[in-house]
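# Summary of structural features
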Amino acid sequence: MDNNSGLIVLNETNFHKEVIESAQPVLVEFVTEWSGACQIIAPIMKQLMEEFKGMVKFCCVDAEKNEGIAEQYGIRDLPTLLFFRKGEVEDHIVGAVSKRVLTGKLNSLLQ
């Protein structure tokens, strides 16, 4: 499902279609509501969604509610961001990082 911000909320049902089958590069953020680090990067993610609108699909997965997906990708710490291109993980980041670092990773994903 897609909320007003353009962020696609993923679950066991739609993950394959939205991420693996996507023609567009995808950034998947694994989060939980209680994670302080997830809250820290939330405003940065919002800015990046605007800056990369139409170029990169932004998605999030609640790691606690979707343990199967988190386990499949070896998610141990939150937030973990996976950068997908053509259905494959191209890169990843664990923890809260700066906007500059995320922008660099997204630009690399688009090349």
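Residues numbered from 1 in each chain as written. Predicted model: local features only at pLDDT ≥ 70, side-chain atom pairs only at ≥ 80, totals over all residues. Heavy atoms only, no water.

### Quick notes on helix α2 (residues 36–51)
In an α-helix, one turn spans 3.6 residues; hence positions three or four apart end up facing the same way. With 16 residues, α2 extends 24 Å from end C-alpha to end C-alpha; this agrees with the ideal 22 Å at 1.5 Å per step. At A42, α2 shows its maximal bend, which comes to roughly 35°, and the proline P43 appears one to four places after that position. When α2 is considered as a whole, its buried residues turn out to be C38, I41, I44, M45, L48 and M49. Those residues of α2 hidden inside the fold are in contact with β2 (26–31), β3 (57–62), β4 (80–85) and α4 (99–110). (Helix = DSSP H or I, 4+ residues; strand = E, 2+ residues; numbered from the N terminus. Expected span 1.5 Å × (residues − 1). Bend = angle between axes of the 7 residues up to and from the residue. Buried < 20%, exposed > 50% of the residue type's maximum accessible area, 1.4 Å probe, protein only. Contact = heavy atoms within 4.5 Å.)

### Overview of the pairing of β2
When you tally the buried positions in β2, you get 6 out of 6 residues, the bulk of the element. Burial of β2 is two-sided: the residues V26, V28 and F30 facing one way and the residues L27, E29 and V31 facing the other way are all buried. Handedness of the β2-α2-β3 crossover: right-handed. For β2 and β4, the ladder comprises 5 bridges, and the chain directions are antiparallel. When the bridges of β4 are listed, L27 appears paired with F83. (Right-handed = clockwise from strand over helix to strand, strands pointing away. Pairing = 2+ DSSP bridges.)

### A few points about the packing of aromatic side chains
Considering all chains together, one arrives at 3 aromatic pairs under this definition. Where F15 meets Y73, the ring centres are 5.6 Å apart and the plane angle is 45°; that geometry is what we call tilted. Of the two residues, F15 is situated in helix α1 (residues 15–20) and Y73 in the loop between α3 (67–72) and β4; the sequence distance between them amounts to 58 residues. For Y73, a relative accessible area of 23% corresponds to the partly exposed category. Here Y73 and F84 contribute two aromatic rings whose centre-to-centre distance is 5.6 Å and whose plane-to-plane angle is 80°, an arrangement assigned as edge-to-face. Highlighted residues: Y73 in the loop between α3 and β4 and F84 in strand β4, separated in sequence by 11 residues. Given a relative accessible area of 1%, F84 falls into the buried group. (Phe/Tyr/Trp six-rings, centres within 6.5 Å; stacked < 30°, edge-to-face > 60°.)

### Concerning the sheet that holds strand β5 (residues 88–94)
Here 5 strands make up an open sheet; going across it, the order is β1-β3-β2-β4-β5 and the pairing mixed. With one partner strand each, in any of the chains shown, β1 (8–10) and β5 form the two edges of the open sheet. When the angles between neighbouring strand axes are averaged without regard to direction, this sheet yields 25°. With 6 bridges connecting them, β4 and β5 associate as antiparallel partners. (Axes fitted to C-alpha atoms, helices over the stretch in contact; angles between N-to-C directions.)

### What to know about the nonpolar core
L27, F58, L81, F83, L102 and L106 are the most contacted members of the largest nonpolar core, which has 17 residues in total. Contributing elements (two or more residues each) for this core: α2, β3, β4 and α4. Among the elements that take part in this core, α2 stands out by supplying 5 residues, more than any other. Discounting chain neighbours no more than four positions away, the residues touching L102 are I44, M45, L48, L81, F83, I93 and V97. (Core = buried A, V, L, I, M, F, W, Y, C linked by side-chain atoms within 4.5 Å.)

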